[in-house]
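Reading the structure
Spelled out from the first residue to the last, the chains are:
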Amino acid sequence: MVDRRLAAGLVVLGAALTAVASLNDLYTSGHEGPAPFATQTVSLWGAKSDAVGDPDVTTVMNAGVPVLLAAAVMVVAAVLTLVPAPRTIGTARTTTMIAAGGLVGLVLAFVVGVLHEEELMSSAYDMPGHTYRMSYLPGLYLLAAGGLVGLIGAVLVQRRQPTDDDHTPPSGTAVPAEAGEHQRD
């Protein structure tokens, strides 16, 4: 049986990976045509461009806010998972799945958006004399790994833990060993 500490650890690891990913650049893209090659580097917080005439133009995005919020809720859920009180485990299970599901949804939406952008831009610059390149950076891989690890930990949190009392039936009422046994003389 999977220990709750391991499951909570995976949830925290997933949250940590996504938090680290939010601090890194996710991908860089650029095109070259009649004008010199211009690149754009994108993170969850914004995009920087080195286009000619507008050096280091920065746009601000707030995609990092919901990712960090989901990661923070995952950490809280992991702490609730480790609390030994039987009343908190239901809350921990629910909170963990909601946070992990939200995080995986955000990561999936972002990754699908990046792949879609690459497909659109490649077809837009599919003409002689033009090239388009996109490079995935470690931040994108960390983001995907964090979502996956957090989801695995959240699924493991859902597993029921065995009770310490071997004589407790599924109904939850303890049966003393001598009352449940028939003795023959």
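Residues numbered from 1 in each chain as written. Predicted model: local features only at pLDDT ≥ 70, side-chain atom pairs only at ≥ 80, totals over all residues. Heavy atoms only, no water.

Looking only at helices and strands, one finds 5 helices and 5 strands in the protein. Element order for the protein, N to C, with α for helix and β for strand: α-β-β-β-β-α-α-β-α-α. Counting over 185 residues, the protein shows a buried share of 29%. Restricting to contacts in the protein with at least 6 residues of sequence separation, those with at least 24 account for 60%. (Helix = DSSP H or I, 4+ residues; strand = E, 2+ residues; numbered from the N terminus. Buried < 20%, exposed > 50% of the residue type's maximum accessible area, 1.4 Å probe, protein only. Contact = heavy atoms within 4.5 Å.)

Take the nonpolar core next. Counting residues in hydrophobic clusters, the biggest one holds 27 residues, and the most contacted among them are Leu26, Tyr27, Phe110 and Leu143. Only helix H1 (4-22), helix H2 (64-82), helix H3 (86-124), strand E5 (131-136) and helix H4 (138-157) provide two or more residues apiece to this core. Apart from the residues within four sequence positions on either side, phenylalanine 110 is in contact with Leu26, Tyr27, Leu44, Leu140 and Leu143. (Core = buried A, V, L, I, M, F, W, Y, C linked by side-chain atoms within 4.5 Å.)

Here H1 crosses H4 at 160°, and the two axes come no closer than 7 Å. Here H1 lies roughly antiparallel to H4, going by the angle between them. Our pair here, H1 against H4, has a crossing hand that is left-handed. (Axes fitted to C-alpha atoms, helices over the stretch in contact; angles between N-to-C directions. Parallel < 35°, antiparallel > 145°, perpendicular 65-115°, else oblique. Left-handed = near helix turned anticlockwise from the far one by under 90°.)

Following the sequence through the fold, threonine 41 ends up in strand E2 (residues 38-42). Note on threonine 41: relative accessible area 18%, which makes it buried. Setting aside residues up to four positions removed in sequence, threonine 41 forms contacts with Asp25, Tyr27, Thr28, Gly46, Ala47, Lys48 and Leu137.

Moving on: the packing of H1 against H2. Axis separation between H1 and H2 bottoms out at 9 Å; the angle between their running directions is 165°. Relative to H2, the element H1 lies roughly antiparallel. You can see that H1 and H2 cross each other, and the crossing is left-handed. Contacts from Arg4, Arg5, Ala8, Val11, Val12, Ala15, Thr18, Ala19 and Ser22 of H1 reach H2 at Val67, Leu68, Ala71, Met74, Val75, Ala78, Thr81 and Leu82. Among the residues making up the contact of H1 with H2, the classes are represented as 12 nonpolar, 3 polar and 2 charged. (Nonpolar A, V, L, I, M, F, W, Y, C, P; charged D, E, K, R; others polar.)

Below, the discussion takes up the environment of alanine 78. Among the structural elements, alanine 78 can be located in helix H2. Taking the C-alpha atoms as reference points, alanine 78 and alanine 154, 76 residues apart in sequence, are found 8.7 Å from one another. With residues up to four places along the chain from it excluded, the contact list for alanine 78 reads Ala8, Val11 and Val12.

On the surface, a cluster of nonpolar side chains totalling about 210 Å² of accessible area is made up of Val12, Val75 and Val79. When you line up the elements, valine 12 lands in helix H1. (Patch = residues over 30% accessible without salt bridge, like charges linked within 9 Å, V, L, I, M, F, W, Y side chains within 5 Å. Areas by Shrake-Rupley, 256 points an atom, 1.4 Å probe, with all protein chains shown as cover. Salt bridge = Lys/Arg side-chain N within 4 Å of Asp/Glu carboxyl O.)

Turning to H3, a few remarks are in order. With 39 residues, H3 extends 57 Å between its outermost C-alpha atoms, agreeing within 8% with the 57 Å of an ideal straight helix rising 1.5 Å per residue. Of the residues making up H3, those classed as buried are Thr88, Ile89, Ala92, Arg93, Thr96, Ala99, Ala100, Leu103, Val107, Phe110 and Val114. (Expected span 1.5 Å × (residues − 1).)

Along the chain, leucine 13 falls in helix H1. With relative accessibility at 41%, the residue leucine 13 sits in the partly exposed group. Once the C-alpha coordinates of leucine 13 and alanine 145 are considered, the two residues, 132 residues apart in sequence, prove to be 9.7 Å apart.

In the structure shown here, the tally under the stated rule is 1 salt bridge. Across the salt bridge formed by aspartate 3 and arginine 5, the nearest N and O atoms sit 2.7 Å from each other.

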